[in-house]
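Coordinates in review
One-letter residues, chain by chain:
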Amino acid sequence: MYNIAIVGASGLVGGTFLKVLEERDLPIKNLYLFASARSAGKEVIFKGKTLVIEELTENSFDREIDIALFSAGGDISKKFAPVASEKGVIVVDNSSAWRMDENVPLVVPEVNPEDIFKNNGIIANPNCSTIQSVVPLKVIDELYGIKRVVYSTYQAVSGSGIKGIEDLQRGLKGEEPKTYPHPIVNNCLPHIDSFLENGYTKEEEKMINETRKILNKKNLPITATCVRVPVLNGHSISINVELEREANLEELKAKFRETKGIVLEDDVKNNRYPLATEANGTDEVYVGRLRKDFSIEKGLNLWVVADNIRKGAATNAVQIAEILMKK
Ligand code: 2RA
């Protein structure tokens, strides 16, 4: 049995950690919930027991904790993940704070589970749009070798947390946004996170750098355009891939069908392709619209959809914790 902590327990991902931990019935002896002073004292039901959220402090890890799931923003992770790991806690951090640190493994269990055990106390959970992309890309790379990737994302407002959801709700009532720079209703905003000097956004930079790290292809040519769309939950991503070797679509579909964590939804004659409303609330990565890219010699297009709060964050982190526990 294990003692688990959740840091950021009052947030959207934090609450989903609780839901996923309960669903997957991990061997938990004690569960400790931490958040800001503002949320301290709030009660949460877990497996029929009432737990009380505590304020996160430097002393929060002065107790027997085996694994801590963090989703409280980069500043909190930067400050408290080392405090926890110095006390022997293994931290699985959902923020971007540690993802590109060369001493911190960046892990998607279906792609690079072996990297979990290269940790020095901190394991980074990738960005949601990266997680759902590398799951099919790993299969494609193993079969045909990937030479280049082009990402175009259509990301739900839940990716911005409760604030993003509230802006969509405001927009539907004709009210002005408070989180996004423009109304999200009737718009697609090519602006997720902040802009960099080179004209890309931090979200696009994350997808590029994290994909290279997870697939262990440091110089892989990749570009990305990340777009916020008026969808409540579930990210959709168009992926264009240039290959070393010509793809065989039937072979690739068969491989997707037998890959754990992937659901092939590809029957366009019957209007069947991945949808955010169908991915919502599930832990799989849905793949469809597989077709050759005839504009280049060996090219492939696919459409990938997943619940960005579950597989894109909470479930991926819990899966890492499960592998740690099994070991
Ligand atoms: C977003 N991927 O969708 C980012 C962070 N969750 O806003």
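Owing to the predicted nature of the structure, the values given are computational and were not obtained by experimental measurement.

Before going further, it helps to spend a moment on the pattern of salt bridges. For the structure shown, the criterion picks out 24 salt bridges. A salt bridge links E23 to R310; the shortest N-O distance between them is 2.5 Å. Taken together, the residues E23 in helix α1 (residues 12–24) and R310 in helix α8 (residues 310–326) connect sequence positions 287 residues apart. As a salt-bridge pair, E297 and K298 come within 3.1 Å of each other at their nearest N and O atoms. Residue classification places E297 among the exposed positions, given a relative accessible area of 66%. The class of K298 is partly exposed, set by a relative accessible area of 24%. Through salt bridges with shared partners, a single network forms among E23, R24, D283, R310 and E322.

Moving on to the sheet that holds strand β11 (residues 235–243). Overall, mixed pairing links the six strands, which are arranged β10-β9-β11-β14-β13-β12 in an open sheet. With one partner strand each, in any of the chains shown, β10 (222–228) and β12 (262–264) form the two edges of the open sheet. Taken pair by pair, the neighbouring strands of this sheet meet at an average axis angle of 25 degrees, ignoring direction. Two strands pair when backbone bridges link them, and strand β9 (residues 146–155) and β10 are joined in this way by seven bridges, in the parallel orientation.

As a structural note, the neighbourhood of the ligand is formed by N127, C128, Q155, G159, S160, I192, E203, R228 and H235. A distance of 2.9 Å is found between an oxygen atom of the ligand and a backbone nitrogen or oxygen belonging to G159. Between a nitrogen atom of the ligand and a side-chain N or O atom of E203, the distance comes to 2.6 Å. Of the residues assigned to the shell around the ligand, the class counts are two nonpolar, five polar and two charged.

The six strands lie next to each other as β5-β2-β1-β6-β7-β8, forming an open sheet whose pairing is parallel. Edge positions in the open sheet fall to β5 (54–55) and β8 (122–124), since each of these has one partner strand only. Two elements, strand β1 (residues 2–7) and strand β2 (residues 28–35), share six bridges in a ladder whose sense is parallel. The partner of I4 across the bridge, within β2, is L31. α1 rests against β1, β2 and β6 (67–70) of the sheet, and its axis sits at about 155 degrees to β1.

This paragraph deals with the packing of aromatic side chains. Evaluation of the coordinates by the stated rule reveals three aromatic pairs. For the pair F34 and F61, a centre-to-centre distance of 5.9 Å together with 55 degrees between the ring planes defines the contact as tilted. Taken together, the residues F34 in strand β2 and F61 in the loop between β5 and β6 connect sequence positions 27 residues apart. Taken as a pair, F34 and F61 share a single burial class, namely buried.

In this section: the UniProt feature "binding site: substrate" (unreviewed entry) in the protein. Mapped onto this numbering, the UniProt entry annotates "binding site: substrate" (unreviewed entry) at Q155 and R228. Look at the named residues: they lie 74 residues apart in sequence, but the longest C-alpha span between them is just 4.8 Å, so in the fold they bunch up. Relative to the assigned elements, Q155 resides in strand β9. Residue Q155 is classed as buried on the basis of its relative accessible area of 1%. Look past the residues within four positions of Q155 in its chain and what remains in contact with it is S129, I192, E203, C226, V227, R228, V229 and H235. In this structure, R228 sits in strand β10.

Okay, helix α5 (residues 202–215) next. Taking 1.5 Å per residue as the helical rise, α5 with its 14 residues ought to reach 20 Å, and the 20 Å between its terminal C-alpha atoms agrees with that figure. Residues of α5 that are buried: E203, E204, K206, M207, I208, E210, T211, I214 and L215. Check the buried side of α5 and you find it contacts α3 (128–144), β9, β10 and β11. Downstream of α5 by one or two residues, N216 has phi in the positive range, about 55 degrees.

Turning our attention to the side chain of T16. Counting through the fold element by element, T16 comes out in helix α1. For T16, the residues in contact, after removing those within four places along its chain, are I309, R310 and A314.

Here we take up the environment of R148. Position of R148 relative to the elements: it lies in strand β9. The exposure class assigned to R148 is partly exposed, which follows from its relative accessible area of 36%. Linking R148 and L172, residues 24 residues apart in sequence, is a C-alpha distance of 39 Å. Ignoring any residue separated from it by four or fewer positions in sequence, one finds R148 in contact with L220, P221, T223, N240, V241 and E242.

Thresholds applied
Residues numbered from 1 in each chain as written. Predicted model: local features only at pLDDT ≥ 70, side-chain atom pairs only at ≥ 80, totals over all residues. Heavy atoms only, no water. Salt bridge = Lys/Arg side-chain N within 4 Å of Asp/Glu carboxyl O. Helix = DSSP H or I, 4+ residues; strand = E, 2+ residues; numbered from the N terminus. Buried < 20%, exposed > 50% of the residue type's maximum accessible area, 1.4 Å probe, protein only. Pairing = 2+ DSSP bridges. Axes fitted to C-alpha atoms, helices over the stretch in contact; angles between N-to-C directions. Near = heavy atom within 4 Å. Polar contact = N/O pair within 3.5 Å; in protein donor to acceptor, adjacent residues only side chain to side chain. Nonpolar A, V, L, I, M, F, W, Y, C, P; charged D, E, K, R; others polar. Contact = heavy atoms within 4.5 Å. Phe/Tyr/Trp six-rings, centres within 6.5 Å; stacked < 30°, edge-to-face > 60°. UniProt positions renumbered as here; feature names shortened; annotations may be inferred. Expected span 1.5 Å × (residues − 1).

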